[in-house]
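Reading the structure
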Amino acid sequence: MAKHAAVEKTVKKPRRRFRGLVITMVSLLATFGVLCVAAGIVFWKFLDYDYDSTIQHMTNEQLGITNTTLTKKVTNIVLFGVDSRSAKGYSGNTDSIMIVSLDEIHNKIKITSIMRDTLVHMDEHGYRKINSAYARGGPELAIKTINEAFNMNIRHYATVNFAGMIDIVDAIGGVEIEITEAERQLTNDVILYEGDKLGTEKKLIRKAGLQTLTGVQAVYWARLRTVSTAEGVNNDFGRTDRQRVVMEALFDRITGMGAAQYPALVEALLPYVRTSLSHGDILGMAETVLGDTTFEQTRIPQTEFVINADYREKTGSSTVYYNLEYAAKVLHAFIYDDMMPADYIEQNGVDKTPWAK
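Residues numbered from 1 in each chain as written. Predicted model: local features only at pLDDT ≥ 70, side-chain atom pairs only at ≥ 80, totals over all residues. Heavy atoms only, no water.

So, helix α5 (residues 181–198)
With 18 residues, α5 should reach 26 Å at 1.5 Å per residue; the first-to-last C-alpha distance of 25 Å fits that figure. Taken together, the buried positions of α5 are E183, R184, L186, T187, N188, V190, I191, E194 and G195. (Helix = DSSP H or I, 4+ residues; strand = E, 2+ residues; numbered from the N terminus. Expected span 1.5 Å × (residues − 1). Buried < 20%, exposed > 50% of the residue type's maximum accessible area, 1.4 Å probe, protein only.)

In structure tokens, the structure reads:
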């Protein structure tokens with residue numbers, strides 16, 4: 001059962017109707033290994049997906065990898081969610097960025113959200129929001145930017161788009177989410193508004209509490225910004241918290257499904273995915289993702305070490321500004337040392353030293 005960490009989100013204009021909702025697809029990608037391993041063993045034909053081998057032929061220098069000492073017992077995959085309407089569209093800014101870490105040492109799957117407005121220095125582009133790297137240079141530049149910003153060694157990615165999202169959620173029978181009364185009311189407002197504009201179903205959420213949300217309900221629930229999370233988290237900070245709540249709900253749902261249900265789900269999912277993971281890579285995940293694993297999640301940055309959540313000096317638009325070197329230490333502690341950010345902060349304090357020149 002997924003615990004609720006509610007998120008805020010506004011009712012946006014129709015042309016931006018799916019912004020921020022890539023989390024549904026990204027959440028499914030968190031269990032992509034589970035699905036494809038099972039499908040690969042029994043239904044290999046379903047593994048005909050959009051495979052991108054470019055990354056695997058790039059050098060460490062080209063991918064911004066300088067730290068070659070990180071253990072190979074942890075596999076990191078960055079998941080990008082792009083604001084695309086076409087089933088085969090994989091361009092644009094990444095509205096969701098998550099690192100999925102398959103930790104064989106501690107038998108865990110760890111999810112780290114990276115705030116899309118994070119201020120980074122991006123090669124010849126100068127200071128930019130991290131979510132613009134994908135639009136400027138595809139997954140290659142996006143991965144390089146993440147590796148350089150957080151001293152990582154990522155060589156794998158998966159990109160998902162918005163097309164077909166409602167159908168995919170419905171393909172797993174919906175997701176269980178705990179919602180507040182304020183969220184219920186606002187989600188219903190969005191359902192009615194978008195139903196009139198776009199012709200989507202107008203099935204309303206009838207009561208607060210733990211609910212199994214349909215594809216439409218889950219999609220629009222994930223749009224909310226004008227209502228705080230149950231923990232009082234606002235804006236994009238709350239959005240990333242909600243992304244991980246949905247991810248955990250999807251993880252629970254999918255891992256609880258029977259093998260007979262995998263083919264239809266994989267068939268629904270794969271048309272909306274481009275990834276650098278080969279068949280061999282996917283099957284190689286079997287021991288971790290199908291084993292006795294637990295699920296943990298966090299966000300970078302934590303609010304404690306944010307220097308400025310509305311920093312505009314370098315880009316002219318609002319960015320989230322924090323010490324990247326310190327954030328890298330927090331991230332590494334979570335992924336490799338199995339230490340939650342709160343514990344790292346308690347033991348080591350907070351570094352708010354400015355870094356942008």
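Overview of the packing of aromatic side chains
Under the criterion given, the structure shown has 8 aromatic pairs. Ring geometry for F80 and Y157: centres 6.4 Å apart, planes at 45 degrees, overall tilted. Note that F80 is positioned in strand β2 (residues 74–82) and Y157 in strand β7 (residues 156–160), a separation of 77 residues in sequence. A relative accessible area of 0% means that Y157 is categorised as buried. A cation over an aromatic ring shows up here: K314 above the ring of Y127, its NZ or CZ 5.4 Å from the ring centre. (Phe/Tyr/Trp six-rings, centres within 6.5 Å; stacked < 30°, edge-to-face > 60°. Lys NZ or Arg CZ within 6 Å of the ring centre and 35° of its normal.)

As for the side chain of D117
For D117, the position within the fold is in the loop between β4 (108–114) and β5 (119–122). D117 has contacts with K129, D236, S318, T319 and V320, leaving out every residue within four places of it along the chain. (Contact = heavy atoms within 4.5 Å.)

A closer look at helix α11 (residues 324–336)
Taking 1.5 Å of rise per residue, the 13 residues of α11 would be expected to cover 18 Å, and the 17 Å separating its terminal C-alpha atoms lies within 8% of that figure. The backbone nitrogen of E325 has a side-chain oxygen 3.0 Å away, supplied by the residue at the start of α11, namely N323. (Polar contact = N/O pair within 3.5 Å; in protein donor to acceptor, adjacent residues only side chain to side chain.)

What to know about the pairing of β4
With respect to burial, β4 is a largely interior element, 7 of its 7 residues being buried. Alternating residues of β4 divide into K108, K110, T112 and I114 and I109, I111 and S113, and every residue in both groups is buried. Hairpin connection, strand β3 (residues 94–103) to β4: the antiparallel pair is bridged by 4 residues, and N107 has positive phi, about 55 degrees. Bridge count between β4 and strand β11 (residues 294–300): 7 bridges; the pairing is parallel. Paired with I111 across the strands is Q297, a residue of β11. (Pairing = 2+ DSSP bridges.)

Focus on the packing of α11 against helix α12 (residues 341–348)
Interaxial distance between α11 and α12 falls to 9 Å at its minimum, and their mutual angle equals 125 degrees. Between α11 and α12, the angle is such that the two are oblique. Where α11 crosses over α12, the two elements pack in a sense that is right-handed. Across the interface between the two elements, Y326, K329, V330, A333 and F334 of α11 pack against P341, Y344 and I345 of α12. A per-class count over the contact of α11 with α12 returns 7 nonpolar, no polar and 1 charged. (Axes fitted to C-alpha atoms, helices over the stretch in contact; angles between N-to-C directions. Parallel < 35°, antiparallel > 145°, perpendicular 65-115°, else oblique. Left-handed = near helix turned anticlockwise from the far one by under 90°. Nonpolar A, V, L, I, M, F, W, Y, C, P; charged D, E, K, R; others polar.)

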